[in-house]
Amino acid sequence: MLMTTTSTIEGQPVRAYLGVVTGEVIVGANIFKDLFAGIRDIVGGRSGAYESSLRDARQTALAELADEARNLGADAVIGIDLDYEVLGKEGSMLMVTASGTAVKLG
């Protein structure tokens, strides 16, 4: 499955637009609650634990997006947009949303 943030894929004309597809992930974000307090694994201003959680959530959202596109018979997803949002009381949840347009290439 080709996936891109651009609206076209060079040398691959879009034959059919199949619709908007999305992937959403909401994870417990207790680690985000005290983002600036008590972090033990910060090296050079970065936190491996936080980065790993964000990476996993993003990869899962993109995998769900690809699955939805595949179910529509798509060859690719173009115009992908990623959004991050902290939800819940005291920011206890993290939501990652990926959206794009499923297309058939020709």
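Residues numbered from 1 in each chain as written. Predicted model: local features only at pLDDT ≥ 70, side-chain atom pairs only at ≥ 80, totals over all residues. Heavy atoms only, no water.

- The name given to the protein chain in an unreviewed UniProt entry is UPF0145 protein EUU23_13670, with the source organism recorded as Sphingorhabdus profundilacus.
- The heading Sequence similarities (unreviewed entry) in the UniProt record of the protein chain holds the text "Belongs to the UPF0145 family." (UniProt positions renumbered as here; feature names shortened; annotations may be inferred.)

1. Focus: the sheet that holds strand 2 (residues 14–28)
Hydrogen bonds between backbone atoms are what pair the strands of a sheet, whose relative direction is either parallel or antiparallel.
Item 1. Strand order in this open sheet of four strands is 1-5-6-2, and the pairing throughout is mixed. Each end of this open sheet is capped by a strand with a single partner; those strands are strand 1 (2–3) and strand 2.
Item 2. In this sheet, strand 6 (residues 93–105) lies alongside strand 5 (residues 76–87) in antiparallel orientation, the contact comprising ten bridges. Residue pairing in the sheet places Ile78 in a bridge with Thr101 of strand 6. (Pairing = 2+ DSSP bridges. Helix = DSSP H or I, 4+ residues; strand = E, 2+ residues; numbered from the N terminus.)

2. What about the side chain of Thr4?
Item 1. Along the chain, Thr4 turns up in the loop between strand 1 and strand 2.
Item 2. Note on Thr4: relative accessible area 18%, which makes it buried.
Item 3. In contact with Thr4, other than residues within four places in its own chain, are Ile9, Val77, Ile78, Gly79 and Ile80. (Buried < 20%, exposed > 50% of the residue type's maximum accessible area, 1.4 Å probe, protein only. Contact = heavy atoms within 4.5 Å.)

3. A look at the pattern of salt bridges
Item 1. Under the definition given, this model contains two salt bridges.
Item 2. Notably, a salt bridge pairs Lys104 with Asp75, separated by 3.7 Å at the nearest N-O pair. Note that Lys104 is positioned in strand 6 and Asp75 in the loop between helix 2 (48–71) and strand 5, a separation of 29 residues in sequence.
Item 3. Look at Lys104 and you get partly exposed, because its relative accessible area is 25%. (Salt bridge = Lys/Arg side-chain N within 4 Å of Asp/Glu carboxyl O.)

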